[in-house]
Amino acid sequence: MAVHDDCKLKFLELKAKRTYRSIIFKIEEEQKQVIVEKLGDPSQSYEDFAASIPADECRYAVYDFDFVTVENCQKSRIFFIAWSPDTARVRSKMIYASSKDRFKRELDGIQVELQATDPTEMGLDVFKSRAN
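All values reported here derive from a predicted model rather than from experimental measurement.

Engineer: Break down the nonpolar core for me, citing the residues and quoting the values.
Structural biologist: The nonpolar side chains of soluble globular proteins are, as a tendency, buried together. Formed by 21 residues in total, the largest nonpolar core has its most connected members in F25, V34, Y60, V62 and F103. When contributions to this core are tallied by element, the ones reaching two or more residues are α1 (5–17), β2 (22–28), β3 (33–40), β4 (59–68), β5 (74–83) and α3 (90–106). Among the nonpolar cores identified, the runner-up in size contains 18 residues, and I53, F79, I81 and F127 belong to it.

Engineer: Please provide a residue-by-residue account of the layout of surface pockets, values included.
Structural biologist: Looking at the largest pocket, its volume works out to about 170 Å³. Forming the walls of the largest pocket are K26, I27, E29, D56, E57, C58, R59, A88, R89, S92 and Y96. Secondary structure elements with two or more residues in the lining of the largest pocket: β2 and α3. Within the lining of the largest pocket, the residues separate by chemical class into four nonpolar, one polar and six charged.

Engineer: I'd like a description of the pattern of salt bridges, backed by residues and values.
Structural biologist: This structure, assessed with the given rule, holds 11 salt bridges. Taking the shortest distance from any N to any O, the salt bridge between R18 and D66 comes out at 2.6 Å. Linking R18 in the loop between α1 and β2 with D66 in strand β4, this pair joins segments that are 48 residues apart in sequence. Its relative accessible area of 38% is what places R18 among the partly exposed residues. For D66, a relative accessible area of 29% gives the class partly exposed. Notably, a salt bridge pairs R89 with E29, separated by 3.3 Å at the nearest N-O pair. Here R89, found in the loop between β5 and α3, pairs with E29, found in the loop between β2 and β3; they are 60 residues apart in sequence, far enough to count as distant. Taking the relative accessible area as the measure of exposure, R89 reaches 53% and is therefore exposed. The network of salt bridges with shared partners includes R18, R21, D64 and D66.

Engineer: Could you give an account of the pairing of β2, naming the residues involved and the relevant values?
Structural biologist: Of all the seven residues making up β2, five are buried; the element is thus mostly covered by neighbouring parts of the structure. By the bridge criterion, seven bridges tie β2 to β3 in an arrangement that is antiparallel. Paired with S22 across the two strands is G40, which belongs to β3. Between the end of β2 and the start of β3, which pair antiparallel, lie four residues, with K32 showing a positive phi angle near 50°. For β2 and β4, the ladder comprises four bridges, and the chain directions are antiparallel. Within the sheet, the bridge partner assigned to F25 lies in β4 and is Y60.

Engineer: How would you explain unusual backbone geometry if you had to name every residue and give the values?
Structural biologist: Located in the positive-phi region is K32, a residue other than glycine, with phi close to 50°. Mapped onto the elements of the fold, K32 is located in the loop between β2 and β3. A residue is classified by how much of its surface remains accessible, and K32, at 52% relative accessible area, is exposed. With phi around 70°, N72 is a residue other than glycine that occupies positive phi space. Mapped onto the elements of the fold, N72 is located in the loop between β4 and β5. Judged by its relative accessible area of 64%, N72 falls in the exposed class.

Calculation notes
Residues numbered from 1 in each chain as written. Predicted model: local features only at pLDDT ≥ 70, side-chain atom pairs only at ≥ 80, totals over all residues. Heavy atoms only, no water. Core = buried A, V, L, I, M, F, W, Y, C linked by side-chain atoms within 4.5 Å. Buried < 20%, exposed > 50% of the residue type's maximum accessible area, 1.4 Å probe, protein only. Helix = DSSP H or I, 4+ residues; strand = E, 2+ residues; numbered from the N terminus. 1 Å grid on protein atoms, 1.4 Å probe; cavity = no way out; pocket = protein on both sides within 12 Å on 5 of 7 lines; lining within 4 Å. Points joined across faces, edges and corners; volume = space filled by probe spheres on them. Nonpolar A, V, L, I, M, F, W, Y, C, P; charged D, E, K, R; others polar. Salt bridge = Lys/Arg side-chain N within 4 Å of Asp/Glu carboxyl O. Pairing = 2+ DSSP bridges.

Laid out in structure tokens, this is it:
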């Protein structure tokens, strides 16, 4: 599975310049490559991000999660989400599962990985508990 250069470039912009809050990636099955599907601007809320992921199709996503620690320090963690809902096509789930590790290696700087099959597995409470 190829990875479009744009995926790496946009991820670097999110990581280094914080140009985006989130990036949603899609596997283009005919071209056999991962492409950028949607970019979330820095003011995007978590709810907007979650709503922009299709409910019944697999996707990869990266989310720059800001939080405040117990010591009252402002921090951020870059989450990688492998979204594979139960309602997605079996072939699609297999393609996403088999391509995930290679794709994730292309994105240098992922701090936390989540595997989600329904919205509760990538809820804000999950982000908060995994961020520390």
